[in-house]
Amino acid sequence: MAKVAFIGLGVMGYPMAGHLKVKGGHDVTVYNRTFAKAEKWTEQFGGKAASTPAAAAEGADYVFVCVGNDDDLRSVTTAEDGALAGMKAGAILIDNTTASAEVARELYEAARARGCAFLDAPVSGGQAGAENGVLTVMCGGDQETFDKARPVIDAYARMVGLMGPAGSGQLTKMINQICIAGLVQGLAEGIHFGKRAGLDIEKVVEVISKGAAGSWQMENRHKTMNEGKYDFGFAVDWMRKDLGIVLAEARRNGAKLPITALVDQFYGDVQEMGGNRWDTSSLLARLDRK
Ligand SMILES: NC(=O)c1ccc[n+]([C@@H]2O[C@H](COP(=O)([O-])OP(=O)(O)OC[C@H]3O[C@@H](n4cnc5c(N)ncnc54)[C@H](OP(=O)(O)O)[C@@H]3O)[C@@H](O)[C@H]2O)c1
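Predicted, not measured: the structure shown is a model, and the values here were computed from it.

Reading guide: rules and limits
Residues numbered from 1 in each chain as written. Predicted model: local features only at pLDDT ≥ 70, side-chain atom pairs only at ≥ 80, totals over all residues. Heavy atoms only, no water. Axes fitted to C-alpha atoms, helices over the stretch in contact; angles between N-to-C directions. Helix = DSSP H or I, 4+ residues; strand = E, 2+ residues; numbered from the N terminus. Parallel < 35°, antiparallel > 145°, perpendicular 65-115°, else oblique. Left-handed = near helix turned anticlockwise from the far one by under 90°. Contact = heavy atoms within 4.5 Å. Nonpolar A, V, L, I, M, F, W, Y, C, P; charged D, E, K, R; others polar. Domains from an automatic or database assignment. Buried area = accessible area lost by both parts, 1.4 Å probe. Salt bridge = Lys/Arg side-chain N within 4 Å of Asp/Glu carboxyl O. Core = buried A, V, L, I, M, F, W, Y, C linked by side-chain atoms within 4.5 Å. Buried < 20%, exposed > 50% of the residue type's maximum accessible area, 1.4 Å probe, protein only. Pairing = 2+ DSSP bridges.

A word on the packing of helix α4 (residues 70–77) against helix α6 (residues 101–113). The N-to-C vectors of α4 and α6 enclose an angle of 15 degrees; their axes lie 10 Å apart at closest approach. Taken as axis vectors, α4 and α6 run roughly parallel relative to one another. When the axes of α4 and α6 are compared, the crossing they make is right-handed. On α6, the residues that touch Asp70, Leu73, Arg74 and Thr77 of α4 are Val103, Glu106 and Leu107. In terms of residue class, the contact of α4 with α6 is made up of three nonpolar, one polar and three charged.

Listed below in structure tokens is the structure:
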């Protein structure tokens, strides 16, 4: 059993912190900007709630963070009452936010300067993956830090990998989002075409999902896409944030991402349709609109 802090009890962080307490059996202290959520969490899982990230991190061996973007991350880690201000030497900061590789390298250095360690550890698997404790975790950092943190991360993960030095976890998550963007647009076009052709989409997917076109998105999203239901899942606003990070990194490393850039614009159209919180499969709504 370790002493653990968890900062950011959103859609992802709330159940992840719960797994650290229940499945991991750790002594967990939580912090959330909106304190009511932290109170709700302690009522459900036990543990303690702190009023600042620094207070939550005090005495902890492992400090987890899962907030929105780079700036949110800086405000709960390197700000005056951020987690690093409260962390003891030797503690490990583990960031589950989807953020830039740049901020990961920045936090790696900031942690080192305080005698602490850092892992960037963005996740994939969505809300259901977090609730069921079966996330995929892509880590960047030192081997020794990874080896210590891995058994703790295991409480909410099915797959955990060390991808390379600090920032490599975020770079891997970027690849994940690049692969998803084009794929979801392809799936949306396929279903859109099938409807125009007058075919039974359920029947089409039942057959083609077992062949070379099959994918997680096809298996898990075709039904709701066919029904025009998007009020759930991984929000378009989050995807645009992620693709913004991807495209900025591609400008730096010279990668050519024509489809990703196009799909990013398509998500801009979905936002204009009012779909900010819709699931990313709502690319079909853009094609189906009259
Ligand atoms: N949802 C998914 O399916 C999914 C999948 C993979 C990765 N992710 C990534 O995981 C991260 C979290 O996603 P989520 O869906 O859990 O988001 P969310 O439900 O919107 O939760 C965000 C959390 O961060 C906190 N927060 C945001 N800005 C803050 C700030 N400046 N200072 C302090 N706390 C702040 C929020 O506090 P309040 O409660 O006070 O607002 C909340 O606890 C994001 O980077 C997202 O891209 C999400």
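Having seen it, we continue.
Here we take up the domain arrangement of the protein. As far as domains go, the protein holds domain 1 (3–165) and domain 2 (171–288). For domain 1 versus domain 2, the separation of C-alpha centres amounts to 28 Å. Contacts between the two partners involve 13 residues from domain 1 and, on the opposite side, 11 residues from domain 2. Summing the contributions of domain 1 and of domain 2, the shared interface buries around 980 Å²; its carbon and sulfur component is 60%. Counting across the interface, domain 1 meets domain 2 through one salt bridge.

A few words on the pattern of salt bridges. All chains considered together, the criterion is met by 15 salt bridges. In this structure, Lys88 engages Asp61 in a salt bridge whose closest nitrogen and oxygen atoms are separated by 2.9 Å. Here Lys88, found in the loop between α5 (83–86) and β5 (92–95), pairs with Asp61, found in the loop between α3 (53–57) and β4 (62–65); they are 27 residues apart in sequence, far enough to count as distant. Note that Glu102 and Arg252 form a salt bridge whose closest N and O atoms lie 3.6 Å from each other. Of this pair, Glu102 sits in helix α6 while Arg252 sits in helix α12 (residues 236–253), and the two are 150 residues apart along the sequence.

The biggest cluster of nonpolar side chains holds 34 residues, and the ones touching the most others in it are Phe64, Ile153 and Tyr156. If sequence neighbours within four positions are ignored, Ile153 has contacts with Phe64, Ile94, Leu119, Val137, Cys139 and Val160. Grouped together as the second largest cluster of nonpolar side chains are 25 residues, Ala5, Ala60, Val76 and Phe118 included.

What follows deals with the sheet that holds strand β9 (residues 157–162). The three strands lie next to each other as β7-β8-β9, forming an open sheet whose pairing is mixed. Each edge of the sheet is formed by a strand with only one pairing partner; in this case those strands are β7 (123–124) and β9. Where helix α9 (residues 168–196) meets the sheet, it contacts β7 and β8 (135–139), and its direction lies at approximately 130 degrees from that of β8.

Further remarks concern the packing of α12 against helix α13 (residues 258–272). The geometry of α12 relative to α13 is characterised by a closest axis approach of 10 Å and an angle of 150 degrees between their N-to-C directions. Overall, the two elements α12 and α13 adopt an arrangement that is roughly antiparallel. α13 is crossed by α12, and the crossing has left-handed handedness. Here Val236, Asp237, Met239, Arg240, Leu243, Val246 and Leu247 of α12 come into contact with α13, specifically with Thr260, Ala261, Asp264, Gln265, Tyr267, Gly268, Val270 and Gln271. The class makeup of the residues in the contact of α12 with α13 is eight nonpolar, four polar and three charged.

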